[in-house]
Amino acid sequence: MTATRDGHKAAAEAAEALRGAFADLGLPERVWANLRPLVADDSGNPYVYLGLVRAEVAQRLAEAVRAGRGR
């Protein structure tokens with residue numbers, strides 16, 4: 001049970017970090033509203049479900065990730 005609880009906490013923190021990053025990019029909430037923290041198995045492995053995004057949003061995300069690599 002602890003692994004699942006810890007995994008959900010990690011997934012929730014990661015989802016919240018992505019929400020903040022998407023908001024910082026100026027993306028409206030409807031774009032990232034499908035983000036969900038998820039623990040998919042008993043091992044407690046944390047995941048974040050991103051959902052479906054429009055192609056232009058995916059392009060902006062890719063550009064932001066590339067720009068972040070240069071830091």
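Reading the values: the criteria
Residues numbered from 1 in each chain as written. Predicted model: local features only at pLDDT ≥ 70, side-chain atom pairs only at ≥ 80, totals over all residues. Heavy atoms only, no water. Salt bridge = Lys/Arg side-chain N within 4 Å of Asp/Glu carboxyl O. Helix = DSSP H or I, 4+ residues; strand = E, 2+ residues; numbered from the N terminus. Buried < 20%, exposed > 50% of the residue type's maximum accessible area, 1.4 Å probe, protein only. pLDDT = per-residue confidence, 0-100.

Would you take a moment to explain the pattern of salt bridges for this structure?
A side chain of one charge can pair with a side chain of the opposite charge if their charged atoms are brought near each other. Within the structure shown, the criterion is met by three salt bridges. When the shortest N-O distance is used, the salt bridge between lysine 9 and glutamate 13 registers 3.1 Å. Of this pair, lysine 9 and glutamate 13 both sit in helix α1 (residues 2–24), four residues apart, which is roughly one turn of the helix. By relative accessible area, which is 48% here, glutamate 13 ends up partly exposed.

I'm lost on the confidence of the model for the chain in this one. Help?
In low-pLDDT segments, the atomic positions of the prediction should not be examined closely. Model confidence for the chain is summarised by a mean pLDDT of 89, while 96% of its residues fall at 70 or above. Taking the mean pLDDT of every element in the chain, the minimum, 88, falls on helix α2 (residues 29–32) and the maximum, 95, on strand β2 (residues 46–49).

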